Amino acid sequence: VQLQASGGGLVQPGGSLRLSCAASGSIFSINAMGWYRQAPGKQRELVAAITSGGSTNYADSVKGRFTISRDNAKNTVYLQMNSLKPEDTAVYYCNADVELVPTQEYDYWGQGTLVTVSS
């Protein structure tokens, strides 16, 4: 199973970006999917997560600005980031809890995509 993330880049404060992460391989089903980020010198932190049923949760720092969504048919998770701030600068990683066979769940990570918010 591979998770391929894309959509990072350089954006000015107040701007928007949309991250995508597609899972591929021999997948039976995907349970929770999420986005984490790691800024220089800091620990990796959860940004947002979404269950297979569409329930979501967000870090307090991004509530009202970021929206996580998923397309189960495409095994893809998205992160729409609006009103970006310099403190959102980080490498963003996608994560998925994948069942290769029923009831056997494994944790997978994407390669990371850099988001830089700067004027």
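Residues numbered from 1 in each chain as written. Predicted model: local features only at pLDDT ≥ 70, side-chain atom pairs only at ≥ 80, totals over all residues. Heavy atoms only, no water.

Colleague: Before we go on, may I ask you to explain the nonpolar core in this structure?
Modeller: A general tendency of soluble globular proteins is for nonpolar side chains to be buried together. One finds Trp35, Val47, Phe66, Leu79, Met81 and Tyr92 to be the most contacted residues of the largest nonpolar core, which totals 31 residues. If you list the elements that add at least two residues to this core, you get strand S1 (2-6), strand S3 (17-24), strand S4 (29-38), strand S5 (45-50), strand S7 (66-71), strand S8 (76-81), strand S9 (90-101) and strand S11 (113-117). In terms of residues, this core owes the most to one element, S9, which gives five residues. Once residues within four sequence positions are removed from consideration, Leu79 is found in contact with Leu17, Arg18, Leu19, Trp35, Val47, Ala48, Phe66, Thr67, Ile68 and Tyr92. (Core = buried A, V, L, I, M, F, W, Y, C linked by side-chain atoms within 4.5 Å. Buried < 20%, exposed > 50% of the residue type's maximum accessible area, 1.4 Å probe, protein only. Helix = DSSP H or I, 4+ residues; strand = E, 2+ residues; numbered from the N terminus. Contact = heavy atoms within 4.5 Å.)

Colleague: Hey, could you run me through the pattern of salt bridges in this one?
Modeller: Following the criterion strictly, the structure yields four salt bridges and no others. For Lys63, the salt bridge goes to Asp60, with nearest N and O atoms at 3.1 Å. The salt bridge involving Arg65 is made with Asp88; its shortest N-O contact spans 2.7 Å. Here Arg65, found in the loop between strand S6 (56-58) and S7, pairs with Asp88, found in the loop between S8 and S9; they are 23 residues apart in sequence, far enough to count as distant. Per residue, the accessibility class of Arg65 equals that of Asp88, and both read buried. (Salt bridge = Lys/Arg side-chain N within 4 Å of Asp/Glu carboxyl O.)

In short, the description is geometric, and any link to function would need to be established separately.
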